[in-house]
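Observations on chain architecture
Spelled out, the chains give:
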Amino acid sequence: MASVGTLYRGDISMWSWVAQRITGVAVLFFLYVHVLDTALVRVSPAAYDDVIASYKTPLVNFMEVGLVGAVLFHALNGLRVIAVDFWGKGTRYQKQMLWTIVAVWVLIMVPATYFMTLHTIQALFGSTP
Amino acid sequence: MAVDPPAPSAAGAPQPAPEPVAFDITVKVRRFDPDVSDQHYWQDFTVSVFATDRILDALHKIKWEQDGSLTFRRSCGHGICGSDAMRINGKNRLACKTLVKDLNTKKPITVEAIKGLTVKKDLVVDMEPFMAAYRKIKPFLITHSPEPTRERLQDAEDRARFDDTTKCILCAACTTSCPVFWTDEQYFGPAAIVNAHRFIFDSRDEGGPERLQILNQAEGAWRCRTTFNCTDACPRGIQVTEAIQQVKRAMMFGIDDAT
Ligand code: SF4
Ligand code: FES
């Protein structure tokens, strides 16, 4: 019977590297879309308005939250990687730095998610106007 | 002359150490025999071990008592020859330094070959690409100035600069834990850079610029993405990533300003 090896149970920093890659590609993908939809305004302002209107759905709202999360993680972890590269003690404190940026990420994302989705939640589940 | 045993103290005779108890563990080995099939497969073995046994002992028991065809490398059995790096429960470890008591024995313990080098049989891989990378960084003293008439002296501070990287036993645990190496066998890998570091930062050596030039190539130190898997895997506790980062900084700022 054929078999695959186990998943390598690497250092936590391996997973931050994977996350850095994924968030990087995700943000790049957003930029493509963003350049395209913004360019549309020069072609046809009406079409542009249509496209922007189509973004005002709950799904796109949650994707926006995802985008903010991705950009924030990528930026914070990027600072950590710079410290690991240029600060003599960076490699010794890489784990502490990783937990710090994760904490900062959560601290920012909790209120950000709340305010960004407030309108959608109200629209979806009703309540005060 | 007879020696009296010490009289029992008021608190009672010293308790004999409890007898160690043997118990069964399951070792799940990822096997491969090119003479039989080109497929890898997992095989479970049940072995009776003591908590203080090493995974190497369990492998010996399997080989000696159950299946003589099980193939692995080991030599010293004491963490110094670097022969028996393997992936134990998903992490690169030396079988001779991994104690049963430090693993979860409720579940099968997985043992497989290190990743990224071609498996020759069971747990044995072709180490040649690894050794070739090691040879490329010129792991020997290089000097250009006239030979001194006495020893090449070095003060303690200069010696300390590369102390960590002298400890390498070339087990390949670091290089085969590296996600970059898995996908690119041409990458020099952490072990070669560690051994380059050992000479680059040695005040007696004059081949630093040469080695930095070699490691400045596309497949050199810049391929490192600081995932720290190597540092986690090194059985000698070498700060592998730190050494690589110092080599990178030596390329940017010079050897004297790298640390
Ligand atoms: S640096 Fe550590 S893990 Fe890498 S080959 Fe040397 S001893 Fe093995
Ligand atoms: S057998 Fe020599 S290092 Fe493990």
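What comes next is a walk through the structure. (Residues numbered from 1 in each chain as written. Chains lettered and ligands numbered in written order. Predicted model: local features only at pLDDT ≥ 70, side-chain atom pairs only at ≥ 80, totals over all residues. Heavy atoms only, no water.)

Residue and element names in this part refer to chain A. Together, Leu-7, Ile-12, Trp-15, Trp-99, Val-102, Val-106 and Val-110 make up a nonpolar patch on the protein surface, roughly 660 Å² of accessible area in all. Elements that contribute at least two residues to the nonpolar patch include exactly α1 (12–43) and α4 (94–125). Within the secondary structure, Val-102 is located in helix α4. A residue is classified by how much of its surface remains accessible, and Val-102, at 30% relative accessible area, is partly exposed. (Patch = residues over 30% accessible without salt bridge, like charges linked within 9 Å, V, L, I, M, F, W, Y side chains within 5 Å. Areas by Shrake-Rupley, 256 points an atom, 1.4 Å probe, with all protein chains shown as cover. Salt bridge = Lys/Arg side-chain N within 4 Å of Asp/Glu carboxyl O. Helix = DSSP H or I, 4+ residues; strand = E, 2+ residues; numbered from the N terminus. Buried < 20%, exposed > 50% of the residue type's maximum accessible area, 1.4 Å probe, protein only.)

On to the pattern of salt bridges. Residues and elements named next belong to chain B. With the rule as written, the count across this model stands at 18 salt bridges over all chains. With its nearest N and O atoms 3.0 Å apart, the salt bridge here joins Arg-204 to Asp-202. You can call Asp-202 buried: its relative accessible area is 2%. Asp-205 is the partner of Arg-211 in a salt bridge, and the nearest nitrogen-oxygen pair spans 2.8 Å.

Moving on, we get to the interface of chain B and chain A. Taken together, the 30 residues of chain B in the interface contact 23 residues of chain A. Overall, the association of chain B and chain A removes approximately 2300 Å² of surface from exposure, summing both partners, and the carbon and sulfur fraction of that is 51%. Taken together, chain B and chain A are joined by 1 salt bridge. Put simply, A:Arg92 and B:Glu242 hold a salt bridge, and the shortest N to O gap is 2.6 Å. For the interface between chain B and chain A, the tally reads 13 residue pairs in polar contact (both at pLDDT 80 or more). (Contact = heavy atoms within 4.5 Å. Buried area = accessible area lost by both parts, 1.4 Å probe. Polar contact = N/O pair within 3.5 Å; in protein donor to acceptor, adjacent residues only side chain to side chain.)

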